[in-house]
Structure formats: C-alpha cells, structure tokens
Amino acid sequence: MSVLNLMSFSTQGENRAVKYRTAHLQWLLDNDVYSLNGMNEWQPDLRRWTPSSSARYPLRMKKPKPPTDPETLPEDSQVHIYHSRKDRAWVKRWLSGMMEANRFNITTNRKSSRNANRMILVLTPELFDEPFCFEILDAIAGKRVLGIKLRDCEIPEEIANECTSYMDLTATDLSDLTFHITFMFRIKKALKLPVSICLA
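Calculation notes
- Position numbers for residues count from 1 along each chain, tracking the sequence in the order it is written.
- Local features in a predicted model are, by the rule used here, given only for residues with pLDDT of at least 70; side-chain atom pairs are given and counted only at 80 or more, and totals for whole chains, interfaces and linings are based on all residues.
- Values reported for side chains reflect all heavy atoms of the structure, with hydrogen atoms and water molecules removed beforehand.
- In DSSP terms, a helix is any run of H or I states spanning at least four residues, a strand is any run of E spanning at least two, and both are numbered starting from the N terminus.
- When accessible area is computed with a 1.4 Å probe and restricted to protein chains, residues below 20% of their type maximum are described as buried, those above 50% as exposed, and intermediate ones as partly exposed.
- Two residues qualify as a contact provided that any one of their heavy atoms is within 4.5 Å of a heavy atom in the partner residue.
- Accessibility throughout is a Shrake-Rupley quantity obtained with a 1.4 Å probe, and a residue counts as covered only by protein chains that appear here.
- In this scheme, strands are said to pair when DSSP sees at least two bridges between them.
- To get an axis, a line is fitted to the C-alpha atoms, and for a helix only the part in contact is used. The angle between two axes follows their N-to-C directions and goes from 0 to 180 degrees.
- Here the expected length of a helix is defined as 1.5 Å per residue gap, with one fewer gap than residues.
- Should a side-chain nitrogen of Lys or Arg be within 4 Å of a carboxyl oxygen of Asp or Glu, the pair is scored as a salt bridge.
- By definition, a residue's bend is the angle between the axes fitted to the seven residues ending there and the seven starting there.
- Every crossover in which the path from the first strand over the helix to the second runs clockwise, viewed with the strands pointing away from the viewer, is termed right-handed.

**Details of the overall build of the chain**
Reasoning step 1: The secondary structure content of the chain amounts to 8 helices and 5 strands.
Reasoning step 2: When the helices and strands of the chain are placed in sequence order, the string is α-α-α-β-α-β-β-α-β-α-β-α-α.
Reasoning step 3: Across the 200 residues in the chain, those meeting the buried criterion constitute 37%.
Reasoning step 4: Taking the contacts inside the chain whose residues are at least 6 apart along the sequence as the reference set, 70% of them involve residues at least 24 apart.
Reasoning step 5: Working note: accessible area of the chain is about 12,900 Å², and carbon and sulfur atoms make up 55% of it.

**Considerations on the side chain of S84**
Reasoning step 1: With respect to the helices and strands, the residue S84 is situated in the loop between β1 (78-82) and α4 (88-101).
Reasoning step 2: Setting aside residues up to four positions removed in sequence, S84 forms contacts with T124, E126, L127 and E130.

**Regarding the sheet that holds strand β5 (residues 165-168)**
Reasoning step 1: Judged by pairing direction, the sheet is parallel, and its 5 strands sit side by side in the order β2-β1-β3-β4-β5 without closing on themselves. Each edge of the open sheet is held by one strand with a lone partner, namely β2 (105-108) and β5. Taking each pair of neighbouring strands and ignoring which way they run, the sheet shows an average axis angle of 20°.
Reasoning step 2: Relative to β2, β1 runs parallel, the two sharing 4 bridges. Looking at β2, one finds that V79 is bridged to I106.

**Things to note about helix α7 (residues 179-191)**
Reasoning step 1: Taking 1.5 Å of rise per residue, 13 residues should cover 18 Å, and α7 covers 18 Å from first to last C-alpha, within 8% of that figure.
Reasoning step 2: Looking one or two residues past α7, K192 carries a phi angle of roughly 55°, positive in sign.

**Concerning the pattern of salt bridges**
Reasoning step 1: For the structure on display, the rule yields 6 salt bridges.
Reasoning step 2: Where D87 meets R151, a salt bridge forms, and the shortest distance between an N and an O atom there is 2.9 Å. Here D87 is found in the loop between β1 and α4, whereas its partner R151 is found in the loop between β4 (144-149) and α6 (157-162), with 64 residues between them in sequence.
Reasoning step 3: D87 sits in the buried class, given a relative accessible area of 3%.
Reasoning step 4: We note a salt bridge from E100 to K92, for which the minimum N-O separation is 3.9 Å.
Reasoning step 5: Judged by relative accessible area, E100 falls into the partly exposed class, the value being 23%.
Reasoning step 6: Owing to a relative accessible area of 48%, K92 belongs among the partly exposed residues under this scheme.
Reasoning step 7: A cluster of three or more residues bridged by salt bridges with shared partners is formed by K86, D87, E126 and R151.

**Observations regarding unusual backbone geometry**
When glycine is set aside, most residues are seen to have a negative phi, and most peptide bonds are trans.
Reasoning step 1: Not every positive phi belongs to a glycine, and K192 is a case in point at roughly 55°.
Reasoning step 2: Assignment of secondary structure puts K192 in the loop between α7 and α8 (195-198).
Reasoning step 3: Judged by relative accessible area, K192 falls into the exposed class, the value being 53%.

**Focus: α4**
Reasoning step 1: The largest bend in α4 comes to about 30°, at L95.
Reasoning step 2: Of all the residues in α4, the buried ones are W90, V91, W94, L95, S96, G97, M98, M99 and A101.
Reasoning step 3: Two residues or fewer past α4, R103 is found with a positive phi of approximately 70°.

**Some details on the pairing of β1**
Reasoning step 1: Burial analysis of β1 places 5 of its 5 residues in the buried class, which makes it a mostly covered element.
Reasoning step 2: Each parallel crossover has a hand, and the one from β1 via α4 to β2 is right-handed.

Here is the structure:
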C-alpha cells in the first residue's frame, strides 16, 4: 500500500451508520433540539428526539409516550403543596419542579386543590403565619398527607394527626445535589404515587 493510500485510509470512511449518525447529530444541533426553554420541556423532547438503538437505522425516531397512562386516573397524578412565601424558591427547586418533570400536576397554596387526594405540607414557622393557614386543616382532612419539616417549628396537634407520613429535614444538608435522588423516592413512596407515572 502506498504512502498516499495510507494517509487517506480510514476505518470509518465508508461506514454508512457513522455517516447517518453524524448527519443526525448535526440535524439535532441545527434544529436546536437541545435548546429548551423550561423544565417541563426536557422530558418530552428527550423522548421525541431519541434515535433508535439500532446502528443500521439511526434516523428512526421513537414515538413520544402519551402524557398519561390509561390505567391511572387524573387524580392519581395531582399533588397539592402548602408552603410559606419564604420557602417558595426551595419548593420550586426540590418539590414542584422535579415532580412536574415527572409529569405530576402540582398546585400550591390557595390554588384549587379539590381534585388532589395527596398533599404535601412544608412545615416551617412561617407557614403558620400565612393567611391561608386556617384553611389547611379542612383541606387535608381525609387525604394522604406528607409533612416535610424543613425548619424547627411547633406543629399544631390537629395537623400532625392528619399527616399520614412525616419527613424531618432539619438535620439534612440541603446543599448536597445528590439529595434529590433519595428525596424524590421517599416522596413517591410516602404519597403512594402511581408507578406508571413515576417511571415515564
């Protein structure tokens, strides 16, 4: 083999699968598939633009999964969160944001919670100073309630008795970014959220 042929030789030069995958990746970049505007967009787009696992047909796309599974009811994915204004950013990051990414319908505070059979109370001293704190007891009666103690506070006995599950985060390092892995698992288990929605 001549020196010229050695210089132009490539193990992948005539590999069609490599060419197709390269073209597909370039198409994804050109169409801004990875440029997402919100937290709720990443999962549908990821399912929509995931190529086939087959190297022979890399351009074939998987169909996106329906937003809800037929074996679950809409109420099963509805969760209502009560929190104080001081904890709004924390709730958005660690609760509502991640649960919405798992395709749960989240409402907070005074937004309508009539369809929600599952409740989360972020227990802090500021929560019981909010104007809607008197509505909490009636709203959580007879429902599955998870109490998350974020800071030390006195919890009214009536509310404590209505909590079906309890989680104390007062001694937890919330700056640990791996915290959300076990945190979301514990929330799903405590509220008995449908597995089919969680794994979507």
